[in-house]
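Inside the fold
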Amino acid sequence: MTALTMPEGEAPILEVKDLATHFFTRAGVVKAVDGVSFSLNRGEIIGLVGESGSGKTVTGFSLIGLVDPPGRIVGGSVKLEGQELVGLDDAGLRKVRGARIAMVFQDPMMTLNPVLTIGQQMHLALAAHERVSKGAARVRSAEALTRVGIPDAASRLDAYPHQFSGGMRQRVAIAIALLHGTRVIIADEPTTALDVSIQAQILSEMRELAREMGTALVWISHDLSTVSTLASRILVMYAGRIVEEGPTAQVLRAPRHPYTAGLLRSLPAMAEPGTDLAQIPGTTPSLLNLPEGCPFRPRCERASELCAKNPPMTRAGERGYRCHHALEEAVSA
Amino acid sequence: MSSFLLQRILQGIVIMAVMSVIVFAGVYAIGNPMEVLIPPEATQDVRLRTIARFGLDKSLVEQYFLFISNLFQGDLGQSYIYNEPVLRLIGNRLPATLELVLTAVLGATFIGVPLGIYAGYKPESATARIIMAVSILGFSVPTFWVGLILILTFAVSLGWLPSGGRGDTVEVFGIDWSIFTLDGWSHLILPATNLALFKLAIMIRLARAGTREVMLSDAVKFARAAGLSEATILSRHVLKLISIPIVTVFGLELASTLAFAVVTETIFSWPGVGKLIIDSIKNLDRPVMVAYLILTAGLFVTINLCVDIGYAVLDPRLRRGRAE
């Protein structure tokens, strides 16, 4: 799709096209991801932004083929370095996961196994993809931990997760994700559960690592300000679809979709001190049996009869948006 | 770790001391054994001499301290009925119970846990449903009835296995064991199965509940995202995460079955301690009752201590007194 955003001559490392993941519940079909397309270049960082329930986490899990039942990828394509992942069998997916595409989760307190040492968990992750002796595994694990900024890494291998702080645990998780020189890392709100100073550290370290190792990042977050410091491009997700995309600076300066504009207005940094924060009226719609038309319509001040029809993706240069009444000018802060 | 151990051992000693008082007073309250031991036609003189011979003319407190001081010399008293040292009486029976109960509880654990993990891993599969049906049967069918059915089927109708007794025994470390002979095993297998059925059901349910919970955790999802195979996830991640409740119940079941395997022992005429304690209660054989109950308390204390050590081995978060 976005051929314009790609440097010439280089194929994207990850290409997602019309990805759809639906959950078949007793109450009906939940279209958590409904036609998501984007591409990611080597070493690029893109931000996938949206409120809770917008489908961004499910998108992340769909990319590595880890959607739990009753959910299932019902259509579209995910190509990693040209290899199609949708429809690949379990054994094939297992070979890809952790080796070429990895994921870091939101809560570092829950992602590591509390009853195994860090060294044991890293050894298991290494052994999942290659034959490795215990000694060699320790050396490589210690290297990986040093790389993510864990001091005295060799001796920390024998420690258990509860002996690490939250930030350190997230670093361990990142180190595990990077063990095999992974090309793409999906980071699902990895700093949300951490306090602000640690957040900033992890953010800058992730950016450094991505640059050094040529790893591309899909940074999933509900926090526009975090993403804006990190990502070169932003995808805004609403009700299972991407409603706006474009280079970070442009999207932040002049959002075209009213939803993005609303998100920006609700940022504390954008508000006059002492005044109430602007908020988007209403809540995200239930994705269960979503009616036809623009899903943002009920909350949108610009909605008209036209919005009863689902707006297509409109492209203009590097920008793209799904709206019949796109904003033309920059919103005043 | 060593301070933790020391603390638990001290606790154990206190529990044992309190238990000895309760047991002694409790057994004293049950009734006077002399009513059973001395024939009604005996003369008053014979009566008094017999009571004095057993030391029953002394006060309860005096009797208790006499018992304790003998205990520290390794003497738990003489049985009124068998006229034998209690320790030898129990020592002769305990190995039989021990091998029966260990076989049953270990068997139930090593079969039940994998079945439970499978049932928790694939809860919708037909195999999982069959496993759960078996576990419900194990819970709801009374032990004595299963024992009778086992005898009827395998001993009476089919004639494959003997219906009772211990079979051939071999002496190892000066104790007779059945588990080291083939004939012994043929005698052991029915009562052990009978005892194991209920524990099997518990182990299946525990392992299944634990597995279902752990499979949904982020830790398992993260392991999958790192490309670990399902077999590795189950054997390395899940098994260890679900083991705490399993070890707890293992300890409790082991202790309570050792103490109260009496129904199965009776049905299969297994010469264990269960039969001994029932007889001693019937005959008001005080020394046997007291010794047995105190040994049982000691057994519970020891097994619980082992379980606590097991926790610390399995879950690093429970280790205390360890410098960070």
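Structure first, text after, so check above.
Fair warning: this is a prediction, and the values are worked out from it, not measured in the lab.

Calculation rules
- Residues numbered from 1 in each chain as written.
- Chains lettered and ligands numbered in written order.
- Predicted model: local features only at pLDDT ≥ 70, side-chain atom pairs only at ≥ 80, totals over all residues.
- Heavy atoms only, no water.
- Helix = DSSP H or I, 4+ residues; strand = E, 2+ residues; numbered from the N terminus.
- Buried < 20%, exposed > 50% of the residue type's maximum accessible area, 1.4 Å probe, protein only.
- Contact = heavy atoms within 4.5 Å.
- Buried area = accessible area lost by both parts, 1.4 Å probe.
- Salt bridge = Lys/Arg side-chain N within 4 Å of Asp/Glu carboxyl O.
- Polar contact = N/O pair within 3.5 Å; in protein donor to acceptor, adjacent residues only side chain to side chain.
- Nonpolar A, V, L, I, M, F, W, Y, C, P; charged D, E, K, R; others polar.
- Phe/Tyr/Trp six-rings, centres within 6.5 Å; stacked < 30°, edge-to-face > 60°.
- Disulfide = S-S within 2.5 Å.
- Axes fitted to C-alpha atoms, helices over the stretch in contact; angles between N-to-C directions.
- Parallel < 35°, antiparallel > 145°, perpendicular 65-115°, else oblique.
- Left-handed = near helix turned anticlockwise from the far one by under 90°.
- Patch = residues over 30% accessible without salt bridge, like charges linked within 9 Å, V, L, I, M, F, W, Y side chains within 5 Å.
- Areas by Shrake-Rupley, 256 points an atom, 1.4 Å probe, with all protein chains shown as cover.
- Pairing = 2+ DSSP bridges.

Describing the side chain of Ser20(B)
Residues and elements named next belong to chain B. Relative to the assigned elements, Ser-20 resides in helix H1 (residues 2-30). On the accessibility criterion, Ser-20 (5% relative accessible area) is buried. For Ser-20, the residues in contact, after removing those within four places along its chain, are Tyr-64, Ile-68 and Ile-294.

Considerations on the interface of chain B and chain A
Chain B puts 21 residues into the contact, and the matching count from chain A is 28 residues. Roughly 2400 Å² is buried in total at the junction of chain B and chain A, and carbon and sulfur atoms are behind 63% of that figure. Looking only at chain B, the three residues that lose the most surface to chain A are Lys221(B), Phe222(B) and Ala225(B), adding up to 27% of its buried area. For the pair chain B and chain A, the number of links is one salt bridge. Lys221(B) is the partner of Asp68(A) in a salt bridge, and the nearest nitrogen-oxygen pair spans 3.2 Å. Across the chain B-chain A interface, the total number found is seven residue pairs in polar contact (both at pLDDT 80 or more). Going through the elements one at a time, helix H9 (218-225) and helix H10 (230-241) of chain B are the ones with two or more residues in the side of chain B that touches chain A. The element contributing the most residues to the side of chain B that touches chain A is H9(B), with six residues. Considering only residue class, the side of chain B that touches chain A consists of eight nonpolar, four polar and nine charged.

Re the packing of aromatic side chains
By convention here, two paired aromatic rings are described through the distance between centres and the angle between planes. Residues and elements named next belong to chain B. What the rule picks out here adds up to 10 aromatic pairs over all chains. Seen in terms of ring centroids, Phe-24 and Tyr-64 are 5.5 Å apart; in terms of plane orientation they differ by 75°. Their pairing is edge-to-face. Of the two residues, Phe-24 sits in helix H1 while Tyr-64 sits in helix H4 (residues 60-71), which places them 40 residues apart along the sequence. Note on Phe-154 and Trp-160: the rings are 6.1 Å apart at their centroids and 45° apart in plane angle, and the pair reads as tilted. Overall, the relative accessible area of 26% leaves Phe-154 in the partly exposed class. Residue Trp-160 is classed as exposed on the basis of its relative accessible area, which comes to 61%.

Comments concerning the state of the cysteines
Residue and element names in this part refer to chain A. The tally for this structure, following the rule as stated, stands at zero disulfides over all chains. Free of any disulfide, Cys-294 has its nearest cysteine sulfur in Cys-307, 5.8 Å distant. Of the residues examined, Cys-294 reaches a relative accessible area of 10% and is grouped as buried. Cysteine Cys-300 shares no disulfide, and the gap to the nearest cysteine sulfur, in Cys-323, comes to 5.9 Å.

Regarding the pattern of salt bridges
One pass over the structure, following the stated rule, counts 22 salt bridges over all chains. Between Arg241(A) and Asp34(A) there is a salt bridge whose closest N-O contact spans 3.1 Å. Here the residue Arg241(A) occupies a position in strand E10 (residues 241-247), and Asp34(A) occupies one in strand E2 (residues 28-40), the gap between them amounting to 207 residues. As far as burial versus exposure is concerned, Arg241(A) and Asp34(A) are alike and both buried. Salt-bridge contacts for Arg88(B) lead to Glu84(B); the nearest nitrogen and oxygen are separated by 3.6 Å. Beyond isolated ion pairs, a larger network of salt bridges with shared partners links Glu81(A), Arg100(A) and Arg183(A).

Some points on the packing of helix H13 (residues 273-282) of chain B against helix H14 (residues 286-314) of chain B
All names here are of chain B. Here H13 crosses H14 at 135°, and the two axes come no closer than 8 Å. Considered as vectors, H13 and H14 are oriented oblique to each other. For the pair H13 and H14, the sense of crossing is left-handed. Across the interface between the two elements, Val-273, Leu-276, Ile-277, Ser-280 and Ile-281 of H13 pack against Val-288, Met-289 and Tyr-292 of H14.

Brief notes about a nonpolar patch on the surface
Residue and element names in this part refer to chain B. Residues Phe-144, Trp-145, Leu-148, Ile-149, Leu-152, Val-156 and Val-263 make up a contiguous nonpolar surface patch of roughly 650 Å² in combined accessible area. Of the residues forming the nonpolar patch, the biggest block, six residues, is contributed by helix H7 (residues 143-157). With respect to the helices and strands, Val-156 occurs in helix H7. Look at Val-156 and you get exposed, because its relative accessible area is 56%.

Here we look at the sheet that holds strand E1 (residues 14-25) of chain A
Residues and elements named next belong to chain A. Within the open sheet, the four strands sit side by side as E2-E1-E4-E5. Their pairing is antiparallel. Here the strands that pair on one side only, and so sit at the sheet edges, are E2 and strand E5 (83-84). Pairing analysis gives two bridges linking strand E4 (residues 71-80) to E5, with the strands arranged antiparallel. Bridge pairing in E5 links Lys-79 to Glu-84. Running over the sheet, helix H1 (residues 56-63) touches E1, E2 and E4 and is turned about 110° from E1.

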